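Per-entry structural report
Residue strings, one per chain:
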Amino acid sequence: MDTKGHSFLDRVFNILKDETADEVPLIQFKHPKELEEILSNDLDISINVDDKELENSVRKILQYSVKTNKVTFRNQLYGPMDPYGLAGTWIAEAFNTSQYTFEVAPVFTLIELKMIEHILKLFGIPGGDGIFSPGGSVSMLYALVAARFKKFPEVKSKGMQKLPEMTIFTSEDSHYSIIKAAHWLGFGTESVISIKTNSSGQMIVNELNKAIERQLGLGKYPVFVNATAGTTVLGAIDDLEAIASVCKKYDIWMHVDACWGGGLMLSATLRKRLQGIQFADSISWNPHKMIGAPLQCSIFLLKEKGLLHEANAAAAQYLFQQDKFYDVRYDTGDKSVQCGRKIDSFKLWMMWKARGDIGLCKVMDHVMSISEFCLRSIAEREGFRLVSDTLQCPNICFWYIPVFMRKREENDEWWALIHKITPKLKELLTLSSRLMIAYTPLRHHKNFFRLAFTFHPVLEENHVLEILKSIEECGEMVNTDMV
Ligand SMILES: *Cc1c(COP(=O)(O)O)cnc(C)c1O
């Protein structure tokens, strides 16, 4: 019997411990060609190697990989993992379970149902339904499929040809996954109507109203409004109550993309900011972002029970036999668009079981108070300027203005220079391994930074000050010759 491979497992824990230790840098950045060169022997698979050599290659690969477990990894909306989540993901991977049927995933099926039930209650739609999905983009597909099926169940067998031309509404600051979903599902990207946002990044509801009227006037069929609770850049939360009443008035499906901001529902005080979410027909939330569940862990919820199954079921006879020896209602896999599906709910269950509603509430409140501290620090600090001074989710957007740029007239030329300084500063921060941070332009705003705070590791004020200091110090290295 070939036992090759089993003893390698014993090495894994030590490899991970060494390669993610405190003294290891966040990143040793190399350009693609350089990296190919450095790792060319390690990446090559034309001849096999023994375990010692394999370990060396793995260590080298990790050496040049980004250490997302660091406080200074602030590049994305996901961050370092919850250790209980990591434990969950190890176990889940080791068990290699697929979620589709009760017979292969008896307890994990119950866990997914338990998690869905608990989260439905938390979001104010008890009695609804849901499913774990690989991410917010896939959840968006689920939402559009459900909304369309609800209006036109015949779409499942007949397709789109005989249906009216449908339109979809979303804010200009919303996530791009809706554009992709509109293409994939045959609506077409032009069916997505972009609604203007106010200066804090919230959809202007009056503009939504007008846009719906306009589309109706053109003979179109408004089918879906996507409200966002926590936009990707500014962290804006749309006025969900107002949007709900528009949706009710025109009988349009209301989806809330709470992929980023859904975490606020964990806090007894902060969840007020999502007031109105209980009127949604469907909601998506990414525990793999703010709260630190390991990638991938996203949840799609909907108010109407049964719809998810009806819309998605294909009743494959080899997998979902109706004459099985147990209650086949527990074979939940036909609600999914996937066949094989990871047991993502288990990672979140581990975190929730260990921390409880109360523990998660505390971390959420702490994340928001650290963000408030960061916002105040930036507002007071010379050289930093906020893009928006309202904090809705734990996102803080700002420019850094080096000394040589200060006290000059802020004309178009000046802003054009800031637009180039921001990415240059990011480059310096990355190359010196001090900080990975996101930047972006938005609407009329030139390139600015986005710092987003997540649950883990639990940050203190000195971490925030350290981050700002890194930006300042690298910012002062930028000069006009570089940009
Ligand atoms: C990240 C994000 C998504 C997409 O989620 P993925 O899991 O990355 O596919 C959708 N909506 C918002 C608001 C997001 O921030």
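Keep in mind that this is a model prediction, so the values were computed, not measured. (Residues numbered from 1 in each chain as written. Predicted model: local features only at pLDDT ≥ 70, side-chain atom pairs only at ≥ 80, totals over all residues.)

Around the ligand sit 14 residues, and of these Gly135, Gly136, Ser137, His175 and Cys259 come closest. In the shell around the ligand, the residues fall into 3 nonpolar, 10 polar and 1 charged. (Near = placed C-beta within 6 Å. Nonpolar A, V, L, I, M, F, W, Y, C, P; charged D, E, K, R; others polar.)

On to the domain arrangement of the protein chain, then. Each domain of the protein chain was delimited in the assignment, giving domain 1 (8-66), domain 2 (83-352) and domain 3 (356-477). Here domain 2 and domain 3 have C-alpha centroids that lie 30 Å from each other. Of the residues lining the interface, 23 residues belong to domain 2; the matching set on domain 3 comes to 19 residues. When the residues that make up the side of domain 2 that touches domain 3 are grouped by side-chain class, the tally is 12 nonpolar, 10 polar and 1 charged. (Domains from an automatic or database assignment. Contact = placed C-beta atoms within 7 Å.)

Moving on, we get to the packing of helix 14 (residues 412-431) against helix 15 (residues 461-475). Interaxial distance between helix 14 and helix 15 falls to 9 Å at its minimum, and their mutual angle equals 110 degrees. Judged by the inter-axis angle, helix 14 sits roughly perpendicular to helix 15. The interaxial crossing formed by helix 14 with helix 15 has right-handed handedness. The segment helix 14 lies against helix 15, with Leu425, Leu428 and Leu429 engaging Ser470, Ile471, Cys474 and Gly475. Of the residues belonging to the contact of helix 14 with helix 15, the class tally is 5 nonpolar, 2 polar and no charged. (Axes fitted to C-alpha atoms, helices over the stretch in contact; angles between N-to-C directions. Helix = DSSP H or I, 4+ residues; strand = E, 2+ residues; numbered from the N terminus. Parallel < 35°, antiparallel > 145°, perpendicular 65-115°, else oblique. Left-handed = near helix turned anticlockwise from the far one by under 90°.)

This part covers the environment of Ala87. Relative to the assigned elements, Ala87 resides in helix 5 (residues 83-95). It is 7.7 Å that separates the C-alpha atoms of Ala87 and Lys347, two residues lying 260 residues apart in sequence.

Let's shift gears to the UniProt feature "modified residue: N6-(pyridoxal phosphate)lysine" (unreviewed entry) in the protein chain. Mapped onto the present numbering, the UniProt feature "modified residue: N6-(pyridoxal phosphate)lysine" (unreviewed entry) falls on Lys289. Looking at the element boundaries, Lys289 is found in the loop between strand 7 (282-285) and strand 8 (298-302). With residues near it in sequence (within four places) discarded, Lys289 still touches Leu77, Tyr78, Cys259 and Trp260. (UniProt positions renumbered as here; feature names shortened; annotations may be inferred.)

Ile243 and Met254 are the most contacted members of the largest nonpolar core, which has 123 residues in total. When residues of this core are assigned to their parent elements, the largest contribution, 14 residues, is made by helix 13 (residues 344-380). Inspection of this core shows a minimum of three residues originating in each of domain 2 (83-352) and domain 3 (356-477). (Core = buried A, V, L, I, M, F, W, Y, C linked by C-beta atoms within 7 Å. Buried ≥ 20, exposed ≤ 12 C-beta atoms within 10 Å, placed from the backbone.)

So, about the pairing of strand 4 (residues 192-195). Along any regular strand the residues' side chains alternate between the sheet's two faces. The pairing of strand 3 (residues 166-171) with strand 4 spans 4 bridges and is parallel. Within the sheet, the bridge partner assigned to Ile168 lies in strand 4 and is Val192. This β-α-β element, strand 3 to helix 9 (residues 177-184) to strand 4, shows right-handed connectivity. (Pairing = 2+ DSSP bridges. Right-handed = clockwise from strand over helix to strand, strands pointing away.)

What follows deals with the sheet that holds strand 4. Sheet architecture is open: 7 strands sit in the order 2-8-7-6-5-3-4, paired in mixed fashion. Looking at strand neighbours, the two that pair on one side only are strand 2 (129-133) and strand 4, the edges of this open sheet. Each adjacent strand pair in this sheet contributes to an overall mean axis angle of 20 degrees, direction not counted. Looking at chain direction, strand 3 and strand 5 (residues 221-228) are connected through 5 bridges and run parallel.

Another aspect to go through is the sheet that holds strand 12 (residues 445-452). Read from one edge to the other, the open sheet built from 5 strands follows the order 1-11-12-10-9, with strand pairing classed as mixed. Edge positions in the open sheet fall to strand 1 (73-74) and strand 9 (384-386), since each of these has one partner strand only. For strand 9 and strand 10 (residues 395-400), the ladder comprises 3 bridges, and the chain directions are antiparallel. Among the inter-strand pairings, Leu386 is bridged to a residue of strand 10, identified as Phe398. The sheet contacts of helix 14 involve strand 10, strand 11 (436-442) and strand 12, and relative to strand 12 the element is tilted by about 35 degrees.

What follows is about helix 9. The set of residues buried in helix 9 consists of Ser177, Ile178, Ala181 and Ala182. Down the axis, helix 9 shows its buried residues gathered within 140 degrees of arc, on one side only. Taken together, the buried residues of helix 9 touch helix 7 (136-151), strand 3, strand 4 and strand 5. Downstream of helix 9 by a residue or two, Gly186 has a phi angle that is positive, lying close to 85 degrees. (Arc of directions from axis to C-beta.)

As a further point, take unusual backbone geometry. Leu295 connects to Gln296 through a cis peptide bond whose omega is 0 degrees. The residue Gln296 is located in the loop between strand 7 and strand 8 in this model. For the bond from His456 to Pro457, the omega torsion is -15 degrees, close enough to zero to count as cis. By secondary structure assignment, the location of Pro457 is in the loop between strand 12 and helix 15. Of note, the phi angle at Ala315 is positive, near 50 degrees, even though the residue is not glycine. Mapped onto the elements, Ala315 comes out in the loop between helix 12 (307-312) and helix 13. Backbone geometry places Ser433, a non-glycine residue, at a positive phi of 60 degrees. Inspection of the secondary structure puts Ser433 in the loop between helix 14 and strand 11.

Taken N-terminus to C-terminus, the directions of helix 13 and helix 15 make an angle of 40 degrees; their axes are 10 Å apart at the nearest point. Here helix 13 lies oblique to helix 15, going by the angle between them. Remark: the crossing between helix 13 and helix 15 carries right-handed chirality. Here Ile370, Phe373, Cys374 and Ser377 of helix 13 come into contact with helix 15, specifically with Glu461, Val464, Leu465 and Leu468. The class makeup of the residues in the contact of helix 13 with helix 15 is 6 nonpolar, 1 polar and 1 charged.

Structurally, Pro126 is set in the loop between helix 6 (106-122) and strand 2. Classification of Pro126 as exposed rests on a count of 12 C-beta atoms within 10 Å. With 76 residues separating them in the primary sequence, Pro126 and Gln202 have C-alpha atoms 27 Å apart. Setting aside residues up to four positions removed in sequence, Pro126 forms contacts with Leu120 and Lys121.

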